[in-house]
Amino acid sequence: MKGSAKISVWQLFCVLLLSRLLSTLTFSPVGAEKINTSDYFPSVLFAAILIFLFSIPLFIQKHFFPGKDITDVAYTVSPLLSKASSISYVLCFLFFTLVSLARLEMFVGTIVFPNNDSALFIILCVAAACYAATLGIEAIGRVGTISLVLFVGAFLFIMITMADKVDPVNLSPVFYEGVKPSLTAALDAATRTGELAFAAVLLPRADGKMGKAYAAGLFAFTVCAELILFFVFAGLGDFALSQMFPVHAVAMLAEFSVFLRFDVLLTGAWILTAFIKISLLLYMQSELLQKSFSRKWNKLYVLCAGLLVLIIQVFFAGTVSDYYFAAGLSARVILYIVFVVAVPSVILVAALMKRRGKRAKNS
Amino acid sequence: MQKTVKILLTVLLLSLLLSGCSAPGLELKNRLIVQAIGIDDTQDGVRVTLQTLNTEMAGNPNSGGSLGEVVRCLTVEGSTVSEAISNASKSEGKQPLLSQNRLIVFGRETAEHGLYTHLDYFVRSAEARTTVPIAVSDTTAEELVTANFGENVLSADSITDILDGTRYNINIVSQELYSLMNQLSSDLTDAHIPILRTQKEEDKSSISMFSVGIFRADQMVYELSADEVTALMLLTDQAKSGFFSVENEAYQAQTVLKIKKTDTSIKSEIQNGRILFHVNIKMTVDISESRAEKPFTLDEAYLQQTEELAAQRMEDMVLSAVHRCFLEQNSDPFGFGQRLWQRHPSFFKANVTNWSDTLPDTEVDVQAQVTVERVGNGVENL
């Protein structure tokens, strides 16, 4: 990906971590396979291992093709493959934007404005995200880093103020039904969103060595997810599994002196995080479309993607995005494997073989 | 110029978000600010009593009595809780606001019939707090919610203050909605809810903690005595502060002890296929009062005897409560089953199909250790 603006690799992993934490925050057991509360703790560790394994194509890309994103790598094989991969990634990111927006709408419509139509909020959110996306990766990187600090601060405050409600008696024994439920939950957690696909596209925009930032990001995700789940299940017990948004439900337990309802802090962090994720996704769609079509219409691409997402969400909600939630784990895993593992692996293998063939010819 | 347009556009867009309360009927003056909700079963459905804040009075505190009491109560009926609450707007012309609700009360009969059908609304509603205290009225919920504590007294406040007494009284238990839901849906721990009694004296009423109701599934089946409530507090590690007394026959004295700190640990063990629980209570107390016919010095022997008597009292109280619940009521409100499930999951899976059937064969031993930390100002009793 060619472009002048760059962010540090730490900023990139801050934004990706924030995006990943949004998925943890929006975790909803409603409709999912019911597993015992303590089985979620090992599932986070298993999920971290799976994420690491799914990251192998990313390491290969960074090692053999530094400074190139996955569509640039595809270009070394064939310009047509590059164009096809760009468009397929755009569609994938468009889908993830829809999912993020649908989850935000579900949260806002259920918790924040239960008596009002949330369409106005969604329109404003998409308009703001479109504007942020046109400002570029630098602006998104900076806001993302600050938001991560705010997110962690808000959650720490909530944890401290509800610590007296935490009781380990609420937890179930680990692996009571065997290891399978934890492994299933791990696969679900690892494939919930496609941050590794985001990284495959954004890596050339990040300066610095990836190893430490990646390790810190994965470690931070594991610690944050474990802490969030511990407070949710040790605080709420099995009641958490009956709630649409358990993380928000646990924030409602937070009380300090005469002050109640600190869940507004979490609501703010949630909306901010969703806004940054949607902005990032719109930005990536614009960047990828610039590769396939004209470079000068970058703002138009953002606007078109934003409008498309908005129209689908406002007029066809309940069909496209709900399908993702209702589709079950297998459909989500297939989508994830295709775009995060299979497509990059095929492109990388083809590019490496072509490079080796060229070298053999030259020698 | 472009920057100014952008700023103006942003401000314009943000101003749209200020419309949160502009929808018809959503302004505070058009809302019934609910302070307490009472629920009683009727033949056709449910009767809901709402204690609401008189916003006109609260907004004009200096206007005298012309605007009425600080709270207003209204009773509405419907086939379900949500229908009854929404019916309130028919008689009052205002939409109920539940986010400030401080208390949910069920009538005794309703608690004996079952609570599940009435709780779903509060779990599902985005407005209702999951930490709202739950209580059972010794008579009807309507009587408790409409109790008049005197002019300009928020009775919902007074009731929640009584329930808050759990922090400094070992005979008061409180229960919050989310915790109750956990217990009601548990196969291992029977739920408990405090029972409050209303006493009328001329125009005014007073409310006191009466006992604690224990539920099997969602129906209240029996009640705990005061000592059993203390045992429940000890076994759930909630007895953090409070007073109790011991009789010392050798000194012919009654000693009142103030609990400063309590730590209860429960460990489960499987011995030759039998389930055994070891309860260990460590308590630190101060001597609050020593009442005797003749003055005597609070010497080391007296203090040691007091510690032993207090420890014996705790052990007897817990064993007696466990005996009654396990053997007479076949019920476990203390959470022993949950601990066994946590600590011995494989044994539990292989041997326990119904926890309540296992209770008569379960053994509990209690070890209490009481330490007197301070004796107060008087070295001798007065």
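Residues numbered from 1 in each chain as written. Chains lettered and ligands numbered in written order. Predicted model: local features only at pLDDT ≥ 70, side-chain atom pairs only at ≥ 80, totals over all residues.

1. Let's talk about the overall build of chain A
- Assigned secondary structure in chain A consists of 15 helices and 2 strands.
- The C-alpha radius of gyration of chain A comes to 21 Å, within 12% of the 21 Å expected for a compact globule of 363 residues.
- If you line up chain A on its principal axes, its C-alpha atoms span 75 × 45 × 35 Å.
- Taken across its 363 residues, chain A has 47% of its residues classed as buried.
- Summarising the internal contacts of chain A: among those between residues at least 6 apart in sequence, 85% fall at separations of at least 24. (Helix = DSSP H or I, 4+ residues; strand = E, 2+ residues; numbered from the N terminus. Rg over C-alpha atoms; globule rule 2.2 N^0.38 Å. Buried ≥ 20, exposed ≤ 12 C-beta atoms within 10 Å, placed from the backbone. Contact = placed C-beta atoms within 7 Å.)

2. Some points on the sheet that holds strand 10 (residues 242-248) of chain B
Residue and element names in this part refer to chain B.
- If you trace the 4 strands from one edge of the open sheet to the other, you get 10-11-12-13, paired in mixed fashion. For this open sheet the edge positions go to strand 10 and strand 13 (363-374), each flanked by a neighbour on one side alone. Pairwise comparison of adjacent strand axes, ignoring direction, gives a mean angle of 40 degrees for this sheet.
- Note: strand 12 (residues 274-292) against strand 13, 11 bridges, orientation parallel. Pairing of M283 across the sheet is with V370, part of strand 13.
- Here helix 10 (residues 300-328) sits on the sheet and contacts strand 10, strand 11 (253-271), strand 12 and strand 13; the angle it forms with strand 13, its principal contact strand, is near 150 degrees. (Pairing = 2+ DSSP bridges. Axes fitted to C-alpha atoms, helices over the stretch in contact; angles between N-to-C directions.)

3. Some details on the pairing of strand 10 of chain B
Residue and element names in this part refer to chain B.
- Bridging between strand 10 and strand 11 involves 7 bridges; their strand directions are antiparallel. Each residue of the ladder has a partner; that of E247, found in strand 11, is Q254.
- Connecting strand 10 to the next strand, strand 11, in antiparallel fashion are 4 residues, including Q252 with a positive phi near 50 degrees.

4. Observations regarding the domain arrangement of chain B
All names here are of chain B.
- What the domain assignment reports for chain B is domain 1 (28-224) and domain 2 (226-382).
- Centre-to-centre separation of domain 1 and domain 2, based on C-alpha positions: 32 Å.
- Listed as interface residues are 17 residues of domain 1 and, on the opposing side, 22 residues of domain 2.
- Secondary-structure elements contributing two or more residues to the side of domain 1 that touches domain 2 are strand 8 (204-216) and strand 9 (219-224).
- The element best represented in the side of domain 1 that touches domain 2 is strand 8, accounting for 3 residues.
- Split into classes, the residues belonging to the side of domain 1 that touches domain 2 amount to 8 nonpolar, 5 polar and 4 charged. (Domains from an automatic or database assignment. Nonpolar A, V, L, I, M, F, W, Y, C, P; charged D, E, K, R; others polar.)

5. A look at unusual backbone geometry
Residue and element names in this part refer to chain B.
- The phi torsion at D237 lies on the positive side, around 55 degrees, for a residue other than glycine.
- Tracing the sequence through the fold places D237 in the loop between helix 9 (226-235) and strand 10.
- Here Q252, not a glycine, exhibits a phi torsion of approximately 50 degrees, which is positive.
- Looking at the element boundaries, Q252 is found in the loop between strand 10 and strand 11.

6. A closer look at the environment of A:L202
Residues and elements named next belong to chain A.
- Looking at where L202 falls in the secondary structure, it is placed in helix 9 (residues 195-202).
- Residue classification places L202 among the buried residues on the basis of 24 C-beta atoms within 10 Å.
- Sequence separation of L202 and G67 is 135 residues, and the distance between their C-alpha atoms is 9.9 Å.
- Contacts of L202, omitting those with residues within four sequence positions, involve L12 and M284.

7. Some points on the nonpolar core
- Of all hydrophobic cores here, the largest spans 207 residues; its most connected members are A:V250, B:L232, B:M314 and B:V318.
- Taken together, domain 1 (28-224) and domain 2 (226-382) of chain B each give at least three residues to this core, which thus spans both. (Core = buried A, V, L, I, M, F, W, Y, C linked by C-beta atoms within 7 Å.)

8. Some details on the packing of helix 6 (residues 119-135) of chain A against helix 12 (residues 263-292) of chain A
Residue and element names in this part refer to chain A.
- For the pair helix 6 and helix 12, interaxial distance at closest approach is 8 Å and the crossing angle is 55 degrees. One way to sum up the angle between helix 6 and helix 12 is to call them oblique. The hand of the helix 6/helix 12 crossing is right-handed. Judged by residue contacts, C125, A128, A129, C130, A132 and A133 of helix 6 engage F275, I278, S279, L282, Y283 and S286 from helix 12.
- Taken together, the residues of the contact of helix 6 with helix 12 break down into 10 nonpolar, 2 polar and no charged. (Parallel < 35°, antiparallel > 145°, perpendicular 65-115°, else oblique. Left-handed = near helix turned anticlockwise from the far one by under 90°.)

9. Concerning the packing of helix 4 (residues 70-77) of chain A against helix 15 (residues 329-362) of chain A
All names here are of chain A.
- Where helix 4 contacts helix 15, the two axes come as close as 8 Å, and the packing angle between them is 45 degrees. The pairing of helix 4 with helix 15 is recorded here as oblique in orientation. Relative to helix 15, helix 4 is oriented so that their crossing is left-handed. Between helix 4 and helix 15, the residues in contact are I70, V73, A74, T76 and V77 and P344, I347, L348, A350, A351 and K354, respectively.
- Residue classes in the contact of helix 4 with helix 15 are distributed as 9 nonpolar, 1 polar and 1 charged.

10. Some remarks on the interface of chain A and chain B
- With 21 residues of chain A at the contact, the number on the chain B side is 20 residues.
- Listing elements by their share of the side of chain A that touches chain B, those giving two or more residues are helix 5 (79-112) and helix 6 of chain A.
- Looking at the side of chain A that touches chain B element by element, the count peaks at 3 residues for helix 6 of chain A.
- Partitioned by chemical class, the residues of the side of chain A that touches chain B number 14 nonpolar, 6 polar and 1 charged.

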